[in-house]
Amino acid sequence: MTTAAESSIQPAADWQDHSGDYQDILYHKAEGIAKITINRPEVRNAFRPRTVMEMQRALADARFDADIGVVILTGQGDLAFCSGGDQRVRGDSGYKDDDTGMHHLNVLDLQRQIRSCPKPVIAMVAGYAIGGGHVLHLICDLTIAAENARFGQTGPKVGSFDGGFGASYMASVVGQKKAREIWFLCRQYDAAQALDMGLVNTVVPLERLEQETVEWCRLILEHSPVALRMLKSAFNAGVDGQAGIQELAGNATMLFYMTEEGQEGRNAYLEKRKPDFTRFRRQP
Ligand SMILES: CC(C)(COP(=O)(O)OP(=O)(O)OC[C@H]1O[C@@H](n2cnc3c(N)ncnc32)[C@H](O)[C@@H]1OP(=O)(O)O)[C@@H](O)C(=O)NCCC(=O)NCCSC(=O)c1cc(O)c2ccccc2c1O
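Being a predicted model, the structure only gives us computed values, none of them experimental.

Draft legend 1. Expanded view of the UniProt feature "binding site: hydrogencarbonate" (unreviewed entry) in the protein chain. Per the UniProt record, "binding site: hydrogencarbonate" (unreviewed entry) is annotated on Gln-153, Thr-154 and Gly-155. Positionally, Thr-154 belongs in the loop between strand 11 (150–152) and helix 4 (155–158). With residues up to four places along the chain from it excluded, the contact list for Thr-154 reads Ile-130, Gly-131 and Cys-186. By the secondary structure assignment, Gly-155 is in helix 4.

This is the structure:
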């Protein structure tokens, strides 16, 4: 019998360990890919506040590492990607932080961080993606699922709900009727059903899960980082309201700063002269 920690997923890259002092996650890098693994298989990779904080730190590292072009989010073992918030530490107003005793719903911060990360984030799902763990895979740009993957929400069963991305973004992915079914009935869906409703991008045998995911990463890494960045923020802008527009506009500003026209404004200010924009064409 396999234990929750054991994995039959074949490694597909020469991963370098960057886990450092992390307690709840593993963090690896290889070939321009960062891999963040929730490492709490004894609770089906449920997250507590510390888990989320560590994931936030690792994701920030991946974002600011110029050698990294794509991020994989996954869970340790064959049995679960993530089973959502750790119900054992759920207090009366959130999940209790071991160190401070404060109550958190900090996975919501992580969701926004995944969405605004200018690099593609891919969920690599074996086993259960349930509750807040299901929303985490949903938020990722792409999901590669193993044949044993199972998806679903439990909120209304356990006294919780995610009325943010978990509801509205889900509806934009699977449609209003299906999203309401997923939340109202709290059923589980297998990988084939998830593929059928557009919740995942592809389904592969468990052993090939990482190989397929790394192949997708390698393809992405062949492509223009700026084009990918612009596309991600453009996809977000359509559903994220003012925050999405801010992200897309921020990328436009970054590109403008990279032009001579943008730099003329800065240079003129620093050189205490009037800017000369006459040499820049007005595009039709
Ligand atoms: C995930 C399961 C379907 C797996 O079932 P299976 O039969 O394979 O395994 P067990 O049930 O026996 O579990 C093994 C072992 O793990 C423990 N465990 C599993 N999940 C959790 C969990 N989420 N928290 C704590 N512990 C967990 C389980 O108790 C067993 O331990 P033993 O010691 O008894 O052996 C099934 O486990 C399952 O349904 N799990 C619960 C899923 C769930 O309800 N998750 C919480 C949903 S709410 C949520 O995630 C959430 C979090 C947030 O931070 C939010 C923030 C803002 C808005 C909303 C939020 C939100 O909804």
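Draft legend 2. Broad picture of the site of the ligand. The ligand sits among 24 residues. The nearest are Ser-83, Gly-85, Gly-132, Thr-154 and Ser-160. One of the backbone N or O atoms of Gln-87 is found 2.9 Å from a nitrogen atom in the ligand. Contact distances for the ligand include 2.7 Å between an oxygen atom and a side-chain N or O atom of Ser-160. Relative to its free-state accessible area of 1,100 Å², the ligand is covered by the protein chains to the extent of 67%. For the shell around the ligand, the elements supplying multiple residues, two or more each, are helix 2 (107–116) and strand 9 (128–130). The residue makeup of the shell around the ligand, split by class, is eleven nonpolar, nine polar and four charged.

Draft legend 3. Fine view of the pattern of salt bridges. The final tally for this structure, using the stated rule, is 22 salt bridges. The shortest N-O distance in the salt bridge between Asp-24 and Arg-40 comes to 3.7 Å. With Asp-24 in the loop between strand 1 (16–17) and strand 2 (25–30) and Arg-40 in the loop between strand 3 (33–38) and helix 1 (49–64), this pair connects stretches of sequence that are 16 residues apart. Of the residues examined, Asp-24 reaches a relative accessible area of 3% and is grouped as buried. Glu-210 serves as the salt-bridge partner of Lys-35, at 2.9 Å between the closest nitrogen and oxygen. With Lys-35 in strand 3 and Glu-210 in helix 8 (residues 209–221), this pair connects stretches of sequence that are 175 residues apart.

Draft legend 4. Structural detail: the domain arrangement of the protein chain. Here the domain parsing of the protein chain yields domain 1 (16–222) and domain 2 (226–271). Each of domain 1 and domain 2 has a C-alpha centre, and the two are 28 Å apart. With twelve residues of domain 1 at the interface, the matching set in domain 2 holds seven residues. Across the domain 1/domain 2 interface, buried area totals approximately 740 Å², and carbon plus sulfur atoms make up 50% of it. Counting every contact that joins domain 1 to domain 2 gives two salt bridges. A salt bridge links Lys-232 to Asp-141; the nearest nitrogen and oxygen atoms lie 2.8 Å apart. On inspection of domain 1 and its partner domain 2, the count reaches six residue pairs in polar contact (both at pLDDT 80 or more). Those elements giving two or more residues to the side of domain 1 that touches domain 2 turn out to be helix 2 and helix 5 (165–174). Of the residues belonging to the side of domain 1 that touches domain 2, the class tally is seven nonpolar, two polar and three charged.

Draft legend 5. Examining the pairing of strand 10 (residues 142–146) more closely. Judged by how many residues are buried, strand 10 sits mostly within the fold: five of five residues are covered. Covered by surrounding structure in strand 10 are Leu-142, Ile-144 and Ala-146 together with Thr-143 and Ala-145, the residues of both alternating faces. With four bridges joining them, strand 8 (residues 121–125) and strand 10 adopt parallel strand pairing. If you follow Val-125 over to strand 10, its bridge partner there is Ala-145. In this structure, strand 10 lies alongside strand 13 (residues 202–204), joined through three bridges in parallel fashion. The partner of Ala-146 across the bridge, within strand 13, is Val-204.

Draft legend 6. Spatial organisation of the side chain of His-104. Along the chain, His-104 falls in strand 7 (residues 103–104). Since its relative accessible area comes to 17%, His-104 is described here as buried. Residue contacts for His-104: discarding those within four places in its chain leaves Pro-49, Met-53, Gly-94, Tyr-95 and Asp-97.

Draft legend 7. Local environment of the nonpolar core. The biggest cluster of nonpolar side chains holds 47 residues, and the ones touching the most others in it are Ile-36, Ile-114, Leu-136 and Phe-151. Ignoring anything within four residues of it in the chain, the contact list for Ile-114 reads Leu-59, Leu-73, Val-121, Leu-136, Ile-139, Cys-140 and Lys-232. Counting residues in hydrophobic clusters, the runner-up holds 20 residues, among them Ile-9, Ile-72, Leu-142 and Ala-146.

Rules used in this analysis
- Throughout, a residue's number is its position along its own chain's written sequence, starting from 1.
- The predicted nature of this model means local features are confined to residues of pLDDT at least 70 and side-chain atom pairs, given and counted, to a pLDDT of 80 or more, with totals for whole chains, interfaces and linings taken over all residues.
- Working from all heavy atoms in the structure, the side-chain values ignore hydrogens and water.
- UniProt positions are given in the numbering used here, feature names are shortened, and annotations may be inferred rather than shown by experiment.
- Note on conventions: DSSP H or I runs of at least 4 residues are helices, E runs of at least 2 residues are strands, and numbering of each starts at the N terminus.
- Any two residues having at least one pair of non-hydrogen atoms within 4.5 Å are treated as being in contact.
- By convention in this text, a residue qualifies as near a molecule or strand provided that one of its non-hydrogen atoms is within 4 Å of it.
- We define a polar contact as two N or O atoms separated by no more than 3.5 Å, with the added condition that, inside protein, one atom must be a possible hydrogen donor and the other a possible acceptor, whereas residues neighbouring each other in sequence contribute only through side-chain atom pairs.
- Accessibility throughout is a Shrake-Rupley quantity obtained with a 1.4 Å probe, and a residue counts as covered only by protein chains that appear here.
- Any residue outside Ala, Val, Leu, Ile, Met, Phe, Trp, Tyr, Cys, Pro, Asp, Glu, Lys and Arg is labelled polar, Gly included; the first ten of those are nonpolar and the last four are charged.
- For salt bridges, the criterion is a side-chain nitrogen of Lys or Arg within 4 Å of an Asp or Glu carboxyl oxygen.
- Each residue is placed in one exposure class: buried if its accessible area under a 1.4 Å probe, protein chains only, is under 20% of its type's maximum, exposed if it is over 50%, and partly exposed if it falls in between.
- Segmentation of the chain into domains, including their bounds, is taken from an automatic or database domain assignment.
- Note on terms: buried area is the combined drop in 1.4 Å-probe accessible area of two parts once they are placed together, counting the loss on both.
- Strand pairing requires that DSSP identify at least two bridges connecting the strands.
- By nonpolar core we mean a set of buried residues, namely Ala, Val, Leu, Ile, Met, Phe, Trp, Tyr and Cys, connected to one another through side-chain atoms within 4.5 Å.

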